[in-house]
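The primary structure of each chain is shown beneath.
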Amino acid sequence: MNFYKAFRTAFLGNQFIFTLFSWIAVQSLLIWQYGIVTGLEATKYIDEANHFLQFGNLNTNNHYLYSTEIFLIAAVIKLHIGFVVIVVVQLLLNLFATIMFYKLSNSFLKKPLLATLATFFFIVNIPYQSYTSFLFTESIFYSLTIIYSSYLLRLKKLTIKNFLFLLLFAALLSITRPTGILFFVATALYIFFRFLNNLSLGYKILIISVSVVIFSITINTMLQAGGSLDFMLPFKKENIICGVNAVNNAEIKTFEKGNSLQGIAYYIFNNEQQFLKLAKLKTLSFFGMLRTYYSLFHNVFLVLFFYPFYILSFIGTWKKIKQKDKRIIYIITIILLYWLTTLLTCDDWHNRFILTVSPFLFLLGFAAFCKQKRLPDFE
């Protein structure tokens, strides 16, 4: 027992050094391994940045949903300062996100040791961290989602000022990657149950109605952004993994305007058997994470690293429900929304959808080691 106390005291006394050293080691290793990646998907964003500089607009409207990275690349090209600047920006955002994740972990788990361990797993989540030197949208998006979530979930009081800040921040998420819109939904539910308990039933119904209308209009607008977006294509080709076709052209019933909420709903209700079959396979892909084109070592790593957190997350979720910690609403909602989005589209080649919510799985997993005592700060 004395040895444990001595170890715990020494560990916590140097947690900042330990965390910083871990972050530097992982990021240095990844940059050494990959360098600055300007090929693959980055080519699309570089081309769009050059198009913007030449014509003053983006090639198609759907690219505005990725515009944070595109405009950053455009600024670097315009200023002739090199792509290394983007990597530096992404590294600084990643470091800030790591600090914010620790603060959120400390607030959520209430134990510095658990917060440090959760942050360590966040840092050594190599598939998640590997995009820092890529000129993709993922690195900035991942960092912004953690910074945003940490700020929101540590709020003790909702004011007009921080509500407007959250609104603008969520809008930024939505033009960094299209799935950023999902954070609006998770935020709205969390705010509704966390901060609006004292409102009358009439006001609550009004807020819900207005929110649903605004969200529906926004989603429909994004779905019809044009370009390469075709939300019926994964069902026509029976894609489990995006771009990997199981059939050439499945015979399915579709709505005239497939890229809309009405079109998606029409497909589900008129092609129920195919939808349920694909939903099962996409669920296995999303949570299973394993790929036939990964090496055996890679797949084993995914199993050993992530699967224990699935089991622990159920325990942690139950404990947080017993604690009446309403932050669980936001965390569970965002995980389920990413899963649902995968069911309605297709899973990513490199698991980038579930990687987005993997830090929340770490929080839920380490919550399994918390006491069940109710938290006075989040009643």
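As a starting point, this report considers the structure included with it. Every value quoted in this text rests on a predicted model; they were computed, and no experiment measured them.

Parameters and conventions
Residues numbered from 1 in each chain as written. Predicted model: local features only at pLDDT ≥ 70, side-chain atom pairs only at ≥ 80, totals over all residues. Heavy atoms only, no water. Salt bridge = Lys/Arg side-chain N within 4 Å of Asp/Glu carboxyl O. Buried < 20%, exposed > 50% of the residue type's maximum accessible area, 1.4 Å probe, protein only. Helix = DSSP H or I, 4+ residues; strand = E, 2+ residues; numbered from the N terminus. Polar contact = N/O pair within 3.5 Å; in protein donor to acceptor, adjacent residues only side chain to side chain. Contact = heavy atoms within 4.5 Å. Axes fitted to C-alpha atoms, helices over the stretch in contact; angles between N-to-C directions. Parallel < 35°, antiparallel > 145°, perpendicular 65-115°, else oblique. Left-handed = near helix turned anticlockwise from the far one by under 90°. Nonpolar A, V, L, I, M, F, W, Y, C, P; charged D, E, K, R; others polar.

**A closer look at the pattern of salt bridges**
Tallied over the full model, the rule gives 8 salt bridges. In this structure, the salt-bridge partner of Asp 325 is Arg 327, at a minimum N-O distance of 2.8 Å. Asp 325 gets classed as buried once you look at its relative accessible area, which sits at 1%. On the basis of relative accessible area, Arg 327 is assigned to the buried category, the value being 0%. Measuring nitrogen to oxygen at the nearest pair gives 3.0 Å for the salt bridge that ties Asp 348 to Arg 352. Connected via shared salt-bridge partners are Glu 41, Glu 138, Arg 177, Asp 348 and Arg 352.

**Some thoughts on the side chain of Asp 347**
The topology assignment puts Asp 347 in the loop between helix 16 (327-344) and helix 17 (352-367). Among the polar contacts made by the side chain of Asp 347, one reaches the main-chain amide nitrogen of Phe 286 at a distance of 3.3 Å. When sequence neighbours within four positions are dropped, the list of residues in contact with Asp 347 reads Ile 240, Ile 241, Cys 242, Ser 285, Phe 286, Arg 291, Thr 342 and Phe 353.

**Structural notes on the packing of helix 6 (residues 112-123) against helix 17**
Two numbers describe how helix 6 lies on helix 17: the axes approach to 10 Å, and their chain directions differ by 150°. By the angle between their directions, the pair helix 6 and helix 17 is classed as roughly antiparallel. Handedness of the helix 6/helix 17 crossing: right-handed. Contact residues: Leu 114, Leu 117, Ala 118, Phe 121 and Phe 122 in helix 6; Pro 359, Phe 362 and Phe 366 in helix 17. When its residues are assigned to classes, the contact of helix 6 with helix 17 shows 8 nonpolar, no polar and no charged.

**Things to note about the environment of Tyr 142**
Take Tyr 142: it is sitting in helix 8 (residues 138-153). The exposure class assigned to Tyr 142 is buried, which follows from its relative accessible area of 2%. A sequence separation of 10 residues divides Tyr 142 from Thr 132, and the C-alpha atoms of the two residues are 9.7 Å apart. Once residues lying within four places of it in the same chain are set aside, the contact partners of Tyr 142 are Tyr 128, Tyr 131, Arg 352, Leu 355 and Thr 356.

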